[in-house]
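Commentary on secondary and tertiary structure
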Amino acid sequence: MKIAVLGTGYVGLSTGVCLSEIGHHVYCIDINEQKINNLRNGISPIYEPGLESLLASNMTAQRLQFTTSLEEGLNDAEIIIIAVGTPQGDDGAADLSYLEQAAKDISKYVAASSIIVIKSTVPVGTNEYIQTIIEAECGFPVQMVSNPEFLRQGSAVQDTMKPDRIILGSNDKTAAEKIREMYLPLNAPIILADIRSAEMIKYASNAFLATKISYINEIANLCEVVGANVEDVANGVGKDKRIGEAFLQAGIGYGGSCFPKDVKALLHTASLYQVDFSMLKETIAINDNQQKLLVKKAVKRFGDLQGKKIAMLGLSFKPETDDMREAPSIKIAHSLTQMGAEVVAYDPVAINNAKQVLGDIITYASSVYDAISQADALMIVTEWKEFTQLDFASLVKKMNHPIIFDGRNCLEEEQLKACGNVEYYSIGRPVIII
Ligand code: UDX
């Protein structure tokens, strides 16, 4: 099939590349010339494992093309997928301005037979609203399908190629059937719904997962005071199939481009309809508190942080991505430096993006060893696999004080015992002092 994808962010680019991988002819369109030029040269604007190799092979196979021209990209397109951003607006609502602009732009080139698919995360009612914009501009009826995306950063390719489910929401059976055919090579479960329910499925899923994280984080905080270990608790709880093991990893809270914004947007939708979804307010409040925990623990341990050198391992909001959006590292770096501490941070891929957000309030190290040298404490903020495999026994000897605050519960007792002399504080697990 001939497919055009608008927007080459995480969702648009991963979708475009993977649809070409399963045999479709895909044109990815973006207004950013620099991005498009880089993509034409096989350079991905985002760090995403496996993406660049698929980019190269599908461009070579001539199934994947990039353009800034809507006229070129939409020419002959049977399916137009809109995957532009819907960032958080001032009042917590999703900002639909990019989507509205995209709708107006495509109206000039859309054909009566083309199917318009919205993949961007959009509040209930948005597909119908966008349809009215396009129809008003082009002057004939168009077919819309809501197809929310569930890929995770860091595993975007794998999630797109092997999704748990594909949601197709449409009030038009033929249109939904055509999109089902587009996805058939993925061999994934496909769920058909009405257009509003499809929009709601996305928010309900993300808000549920965020709430699951806040729940286990509150349990972790309780475990600390009653002397239990949240890892054992999560393991025991998660074995119940009705609960499930995923998303029970306690830590310093969720971040990223989706959970924080989507929970707020759902809350905003509820308030528009005078529904008091107070549980989501708690999900947010718990997460805000959780992001402050490492600093609170450091203050409790040191009293005053003035002049203390803190080594920070990890800056991105989670491993396998360079994305800094809503990363807990941002709040932690600001708090520590406001209290007079010196922060030296290391991250395998996110340093360039971190510089855009944190500027020179912290120092950036080129290796873990540089960051940790002469540090008064170490804070683990992102659970990059390479951090868990470090030789902590020799690392802590380079520090002024062998004190570790682990915000992601990545270290095990055996690794700490090997250090000989160490103080270890994590989330919801007993303090270890050797
Ligand atoms: C999320 C959804 O998972 C995905 O379906 C949606 O399309 C976009 O939002 P993403 O933000 O890429 O994906 O990352 P995810 O792996 O879900 O993690 C989100 C945040 O939750 C991260 O900050 C992560 O550290 C945190 N998290 C996750 C926990 O704190 N504990 C967990 O058990 C799981």
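From a predicted model like this one, the values you see are computed outputs, not experimental measurements.

What follows concerns the nonpolar core. Ranked by internal contacts, the top residues of the largest apolar core, which has 127 residues, are L6, I80, I82, L313 and M379. Sorting elements by how many residues they give to this core places helix 9 (residues 195–226) first, with nine residues. Excluding its chain neighbours within four sequence positions, the residues that come into contact with I82 are L6, G7, L99, A102, I116, V117, I118, K119 and S120.

Okay, the UniProt feature "domain: UDP-glucose/GDP-mannose dehydrogenase C-terminal" (unreviewed entry) in the protein next. Annotation from UniProt places "domain: UDP-glucose/GDP-mannose dehydrogenase C-terminal" (unreviewed entry) at residues 311–413. Helix makes up 32% of residues 311–413 and strand makes up 17%, while its end C-alpha atoms are separated by 21 Å.

Let us now look at the confidence of the model for the protein. Put simply, the protein has an average pLDDT of 95, and 100% of its residues get 70 or more. Reported confidences for the modelled complex are a pTM of 0.94 and an ipTM of 0.97.

According to the domain assignment, the protein consists of domain 1 (2–193), domain 2 (202–289) and domain 3 (292–433). Centre-to-centre, using C-alpha coordinates, domain 2 lies 24 Å away from domain 3. Taken together, the contacts link 16 residues of domain 2 with 18 residues of domain 3. Mapped by element, the contributors of at least two residues to the side of domain 2 that touches domain 3 are helix 9 and helix 10 (230–238).

Right, let's get into the environment of Y203. When you line up the elements, Y203 lands in helix 9. As for Y203 and C258, which are separated by 55 residues in sequence, their C-alpha atoms are 9.7 Å apart.

Turning to unusual backbone geometry, a few remarks are in order. Unusually for a residue other than glycine, Q62 sits at a positive phi of about 60°. For Q62, the position within the fold is in the loop between helix 3 (51–60) and strand 3 (64–67). In this structure, N187 takes a positive phi of about 55° despite not being glycine. Looking at the element boundaries, N187 is found in the loop between helix 8 (173–183) and strand 8 (190–193). Look at N187 and you get exposed, because 9 C-beta atoms sit within 10 Å.

The environment of the ligand is made up of 19 residues, and the closest members are Q153, Q249, Y254, G256 and C258. At three residues, helix 9 tops the list of elements feeding residues into the shell around the ligand. The residue makeup of the shell around the ligand, split by class, is 10 nonpolar, six polar and three charged. Inspection of the shell around the ligand shows a minimum of three residues originating in each of domain 1 (2–193) and domain 2 (202–289).

This next bit is on the UniProt feature "binding site: substrate" (unreviewed entry) in the protein. The UniProt record annotates "binding site: substrate" (unreviewed entry) at K202, F247, L248, Q249, A250, G251, G255 and K318. Across 117 residues of sequence, these annotated residues are also dispersed in space, with a maximum C-alpha separation of 24.0 Å. Relative to the helices and strands, F247 resides in the loop between helix 10 and helix 11 (259–272). Not counting the four nearest positions on each side in its chain, F247 is found in contact with L209, K212 and I213. When you line up the elements, Q249 lands in the loop between helix 10 and helix 11.

A few words now on the sheet that holds strand 10 (residues 342–346). The strand order 11-10-9-12-13-14-15 describes an open sheet built from seven strands, whose pairing is mixed. For this open sheet the edge positions go to strand 11 (363–364) and strand 15 (432–433), each flanked by a neighbour on one side alone. Where strand 14 (residues 423–425) lies against strand 15, two bridges are found, and the strand directions are antiparallel. For E423, the partnering residue across the bridge sits in strand 15 and is I433. Packing against the sheet, helix 13 (residues 293–302) makes contact with strand 12 (377–380), strand 13 (403–406) and strand 14, and its axis sits at approximately 155° to strand 13.

The next subject is the environment of I81. Its place among the elements puts I81 in strand 4 (residues 79–82). Overall, I81 belongs to the buried group, with 29 C-beta atoms counted inside 10 Å. Separated by 52 residues in sequence, I81 and I29 have C-alpha atoms that sit 10 Å apart. For I81, the contacting residues outside a window of four places in its chain are I3, A4, V5, L6, T15, V117 and K119.

Our focus in this paragraph is the pairing of strand 4. Burial along strand 4 is two-sided: the face carrying I79 and I81 and the face carrying I80 and I82 are both buried. Note that strand 1 (residues 2–6) and strand 4 share four bridges and pair parallel. Bridged to L6 within strand 4 is I82. Pairing geometry for strand 4 and strand 5 (residues 115–118), over four bridges, is parallel. Bridging across to strand 5, I80 finds its partner in I116. The handedness of the strand 4 to strand 5 crossover, carried by helix 5 (residues 97–107), is right-handed.

About the criteria used
Starting from 1, residues in each chain are numbered consecutively following that chain's sequence as written. Per-residue local features of the predicted model are confined to residues with pLDDT of at least 70, and side-chain atom pairs are confined, for both listing and counting, to 80 or more; whole-chain, interface and lining totals are unaffected and use all residues. Each nonpolar core comprises buried Ala, Val, Leu, Ile, Met, Phe, Trp, Tyr and Cys residues, the members being joined through C-beta atoms within 7 Å. A residue is called partly exposed when the number of other C-beta atoms within 10 Å of its own lies between 12 and 20, exposed at 12 or fewer, and buried at 20 or more, with C-beta atoms placed from the backbone. Helix and strand definitions follow DSSP, with helices as H or I runs of at least four residues and strands as E runs of at least two, each counted in order from the N terminus. Whether two residues are in contact is decided by their C-beta atoms, placed from the backbone, lying within 7 Å. UniProt positions are given in the numbering used here, feature names are shortened, and annotations may be inferred rather than shown by experiment. pLDDT measures the predictor's confidence residue by residue and takes values from 0 up to 100. Boundaries between domains were set according to an automatic or database domain assignment. Here, nearness is defined through the C-beta atom: a residue counts as near a molecule or strand if that backbone-placed atom lies within 6 Å of it. Residues were grouped as follows: Ala, Val, Leu, Ile, Met, Phe, Trp, Tyr, Cys and Pro as nonpolar; Asp, Glu, Lys and Arg as charged; and all remaining residues, including Gly, as polar. We call two strands paired when DSSP finds no fewer than two bridges between them. Between N-to-C directions, angles cover 0 to 180 degrees, with each direction set by a line fitted to C-alpha atoms, over the stretch in contact for helices. Seen with its strands pointing away from the viewer, a crossover is right-handed if its path from the first strand over the helix to the second goes clockwise.

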